[in-house]
Amino acid sequence: MKAPSSDNAYIRCKIADLIAEVPCGEGLESICEAYKWNYEGTVDISIDAGLYRIDKYDPRISRETVAYMESAYQFYLNLVDFNGFYLHSSAVVRDGRAYLFSGPCRAGKSTHTRLWKELFGKDVYIINDDKPALRHVDGKWYVYGTPWCGKDGINMNEKALLAGVCFLKKAPENKIRIVDKFEAMQKILGQTIHKFDEINKLDKLLKSLELFLEKIPVYELENVPEVSAAELSYNTMFKGAKEAGL
């Protein structure tokens, strides 16, 4: 596979309240259209097409797909330097609060957030359906839409206060429980970047996760893909967020 272009053409974007420099070409300019930012100063994160890990991919995979995956990888790799990380999840917002649904592939993340839309209609919206960014800013945890959002392309250039995280598990009946910090840490690490070449980045991630778990309630929802599961998750997570002062 020929490497994506690594010329000097870049666009400036504001993603997760950070200024990012993103290479033009391979479809990235179109993907980042809603995040473009007219800014001439120093950038926080610079994505380098010359560092794309081309050999990691099947030669039949398109240059556009490689650029999409690798630009996301670089952005989230550097997000840990800004009190943040990404969680493989679908982020739905109601009344200014974001609720994240995570789990391995085919756990039903997108299905569950669509059930929220069926239940609440126009009162909810999805800001990212695959890779929202999470950041601790001014003592609060925020969820951000990003251009990297999965095959359905669902994302919005918005942010919302985080109210909770729920890991999904298919089951014959609906049942929800809060998980302890140790289990929550394991679940989160399984759905984010945690392998770094630089040990200081891992240290930053772990410190962020410790702070995260002090503030944010984490649940596991055993569920059947039906509206009653969405009602159960919302009622439980809304109550938990209120009790946590979120």
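What comes next concerns the included structure. It should be emphasised that the depicted structure is a prediction, and the values quoted were computed from it without experimental measurement. All residue numbers refer to positions counted from 1 along the written sequence of the respective chain. The predicted nature of this model means local features are confined to residues of pLDDT at least 70 and side-chain atom pairs, given and counted, to a pLDDT of 80 or more, with totals for whole chains, interfaces and linings taken over all residues. To obtain the side-chain values, all non-hydrogen atoms of the structure were included, while hydrogens and water were left out.

**Re the sheet that holds strand β1 (residues 10-15)**
Item 1. Pairing between strands is defined by DSSP: at least two bridges between the two strands are required. Each helix is a run of H or I in the DSSP string that is no shorter than four residues. Each strand is a run of E no shorter than two, and both are numbered from the N terminus. Read from one edge of the open sheet, 3 strands run β1-β2-β3, paired in mixed fashion. The outermost strands of the open sheet, each flanked by one partner alone, are β1 and β3 (45-46).
Item 2. Relative to β3, strand β2 (residues 18-23) is paired through 2 bridges, and the arrangement is parallel. Its bridge partner lying in β3, glutamate 21 is registered against serine 46.

**Digging into the packing of aromatic side chains**
Item 1. By convention, a stacked pair of Phe, Tyr or Trp rings (six-membered ring in the case of Trp) has centres within 6.5 Å and planes under 30 degrees apart, an edge-to-face pair has planes over 60 apart, and any other such pair is tilted. Counted according to the given criterion, the structure contains 15 aromatic pairs.
Item 2. Ring geometry for tyrosine 76 versus tryptophan 148: centroids 5.9 Å apart, planes at 70°, classification edge-to-face. Note that tyrosine 76 is positioned in helix α2 (residues 63-79) and tryptophan 148 in the loop between β9 (140-144) and β10 (159-170), a separation of 72 residues in sequence.
Item 3. Burial classes follow relative accessibility: with a 1.4 Å probe on protein chains only, a residue under 20% of its type's maximum area counts as buried, one over 50% as exposed, and anything between as partly exposed. Given the relative accessible area of 0%, tryptophan 148 is considered buried.
Item 4. The rings of Tyr99, Phe101, Trp116, Phe120, Tyr234 and Phe238 are connected pair by pair, giving a single aromatic cluster.
Item 5. We call a charge positioned over a ring when the NZ of a Lys or the CZ of an Arg lies within 6 Å of the ring centre and within 35 degrees of the ring normal. The ring of tyrosine 73 is capped by arginine 53, whose NZ or CZ atom sits 3.6 Å from the centre of that ring.
Item 6. Over the face of the ring belonging to tyrosine 57 we find lysine 56, whose NZ or CZ atom lies 4.9 Å from the ring centre.

**Topic: the nonpolar core**
Item 1. Ranked by size, the top nonpolar core spans 59 residues in total, and within it Phe75, Tyr76, Leu100, Leu134, Leu162, Val165 and Phe212 carry the most contacts.
Item 2. It is α2 that provides the largest number of residues to this core, a total of 8 residues.
Item 3. Residues belong to one nonpolar core when they are buried, are Ala, Val, Leu, Ile, Met, Phe, Trp, Tyr or Cys, and are joined through side-chain atoms within 4.5 Å. Residues Val124, Ala163, Cys166 and Met237 belong to the second largest nonpolar core, which totals 18 residues.

**Concerning α2**
Given 3.6 residues per helical turn, the α-helix brings residues three or four places apart onto the same face.
Item 1. Expected span, for any helix, means 1.5 Å times one less than how many residues it has. When the terminal C-alpha atoms of α2 are compared, their 24 Å separation across 17 residues agrees well with the 24 Å that a helix rising 1.5 Å per residue should span.
Item 2. Of all the residues in α2, the buried ones are Val66, Ala67, Tyr68, Glu70, Ser71, Ala72, Gln74, Phe75, Tyr76, Leu77 and Leu79.

**Some thoughts on the pairing of strand β5 (residues 89-94)**
Item 1. Judged by how many residues are buried, β5 sits mostly within the fold: 6 of 6 residues are covered.
Item 2. The side-chain alternation of β5 yields two buried faces, one formed by Ser89, Ala91 and Val93 and the other by Ser90, Val92 and Arg94.
Item 3. Here β5 runs beside strand β6 (residues 97-102); their pairing, made up of 6 bridges, is antiparallel. Across the sheet, the residue bridging to alanine 91 is leucine 100, located in β6.
Item 4. What sits between the antiparallel neighbours β5 and β6 is a turn of 2 residues, in which aspartate 95 has the positive phi angle 55°.

**Here's the deal with the side chain of serine 71**
Item 1. Secondary-structure assignment places serine 71 in helix α2.
Item 2. Identification of polar contacts relies on pairs of N or O atoms within 3.5 Å, with a donor-acceptor requirement for protein atoms, meaning one able to donate a hydrogen and the other able to accept it, and with residues adjacent in sequence counted only if both atoms are side-chain atoms. At a separation of 2.7 Å, a polar atom in the side chain of serine 71 contacts the main-chain carbonyl oxygen of alanine 67.

**Some thoughts on the environment of lysine 122**
Item 1. Along the chain, lysine 122 turns up in the loop between α3 (109-120) and β7 (124-128).
Item 2. Owing to a relative accessible area of 85%, lysine 122 belongs among the exposed residues under this scheme.
Item 3. Sequence spacing of lysine 122 and glutamate 70 is 52 residues, and the spatial spacing of their C-alpha atoms is 34 Å.

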